[in-house]
Amino acid sequence: MQTQISLAAPHRWATPEDASALARLVNFAGEGMPLYLWAKMGQESGESARQIGEQRAQRETGGFSYRNSVVRVEDNAVVAGLIGYALSTELDPDRFNGMPPMFVPLQELEDKVPGTWYVNVLATFEEHRGKGYGKELLAIAEQLAIGSGCTGLSLIVADANTGARRLYTRSGYGELATRPMVKEDWDGNGENWVLLRRSL
């Protein structure tokens, strides 16, 4: 269960009404891979990639849920967001069954940091970048990690995302491991996923 802390404006916990913004932020943070996967899912259901992303954001459970999300708001609009949660210390032996191949290297990296608070998504809309919002949200992530009793924080970033990697390095995150990306027809930048960790 997500540890809830009190947040002050301009930050707040997300609501189901933030689903559209959350889906866009997840896609930005995922280098376009989420939209690619949602589009594949939509081929079976007949729904658009956007609809599927928004439905996933509105779920009550699962990693990508509004319940795990903190947003920064300006003029009543979401401009940045954080999605994260504590990783279990017990690995599900069936976790790879039916998993899309693109997710396997990401799961393999997550498996290396059980008990950490996982920063699944940290993203700012392009027109608001460079204002320090990412740093603010990382500070909130640290509060959530402490409140959850975690041993540290972890995240995964594309090796080509040099801007994000600079932010994480300055914030005390160090490289722990890498895995080659599985791309299929996704044209995202980079060749490897990089696992970063910060101790508390």
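Residues numbered from 1 in each chain as written. Predicted model: local features only at pLDDT ≥ 70, side-chain atom pairs only at ≥ 80, totals over all residues. Heavy atoms only, no water.

Draft legend 1. Region of interest: the packing of aromatic side chains. Considering all chains together, one arrives at five aromatic pairs under this definition. When the ring of W38 is compared with that of F64, the centres are 6.1 Å apart and the planes differ by 15 degrees; the resulting orientation is stacked. One end of the pair, W38, is in helix 2 (residues 33-45); the other, F64, is in the loop between helix 3 (49-57) and strand 2 (69-74), with 26 residues separating them in the sequence. Of the residues examined, W38 reaches a relative accessible area of 6% and is grouped as buried. Residue class for F64 comes out buried when judged on its relative accessible area of 11%. (Phe/Tyr/Trp six-rings, centres within 6.5 Å; stacked < 30°, edge-to-face > 60°. Helix = DSSP H or I, 4+ residues; strand = E, 2+ residues; numbered from the N terminus. Buried < 20%, exposed > 50% of the residue type's maximum accessible area, 1.4 Å probe, protein only.)

Draft legend 2. Quick look at the sheet that holds strand 6 (residues 174-180). Read across the open sheet, the seven strands follow the order 1-2-3-4-5-7-6; overall the sheet is mixed. Of all the strands in the sheet, just strand 1 (11-13) and strand 6 have a single pairing partner and so form its edges. Across the sheet, the mean angle separating the axes of adjacent strands is 25 degrees when strand polarity is ignored. Sheet analysis places strand 1 next to strand 2, joined by three bridges and oriented antiparallel. Residue pairing across strands places W13 opposite V70, the latter belonging to strand 2. (Pairing = 2+ DSSP bridges. Axes fitted to C-alpha atoms, helices over the stretch in contact; angles between N-to-C directions.)

Draft legend 3. Inspection of the side chain of N27 at higher detail. Turning to its location among the elements, N27 is positioned in helix 1 (residues 19-29). For N27, a relative accessible area of 15% puts it in the buried group. Among residues more than four places away in sequence, those in contact with N27 are G32, M33, P34 and L35. (Contact = heavy atoms within 4.5 Å.)

Draft legend 4. Region of interest: the nonpolar core. One finds L82, W117, V119, L144, Y168 and Y173 to be the most contacted residues of the largest nonpolar core, which totals 25 residues. Of all the elements in the fold, those that place two or more residues in this core are strand 3 (77-86), strand 4 (117-124), helix 5 (133-147), strand 5 (152-158), helix 6 (162-170) and strand 7 (192-199). Ranked by residue count, the leading element in this core is helix 5, at seven residues. The next biggest cluster of nonpolar side chains, apart from the first, holds 20 residues, and it includes A14, A21, A23 and F125. (Core = buried A, V, L, I, M, F, W, Y, C linked by side-chain atoms within 4.5 Å.)

Draft legend 5. Fine view of the environment of A160. As for its position among the elements, A160 is in the loop between strand 5 and helix 6. The class for A160 is partly exposed, based on a relative accessible area of 40%. Measuring from C-alpha to C-alpha, the distance between A160 and D187 comes to 13 Å, with 27 residues separating the pair along the chain. If sequence neighbours within four positions are ignored, A160 has contacts with N189 and G190.

Just geometry here; none of it tells us what the structure is for.
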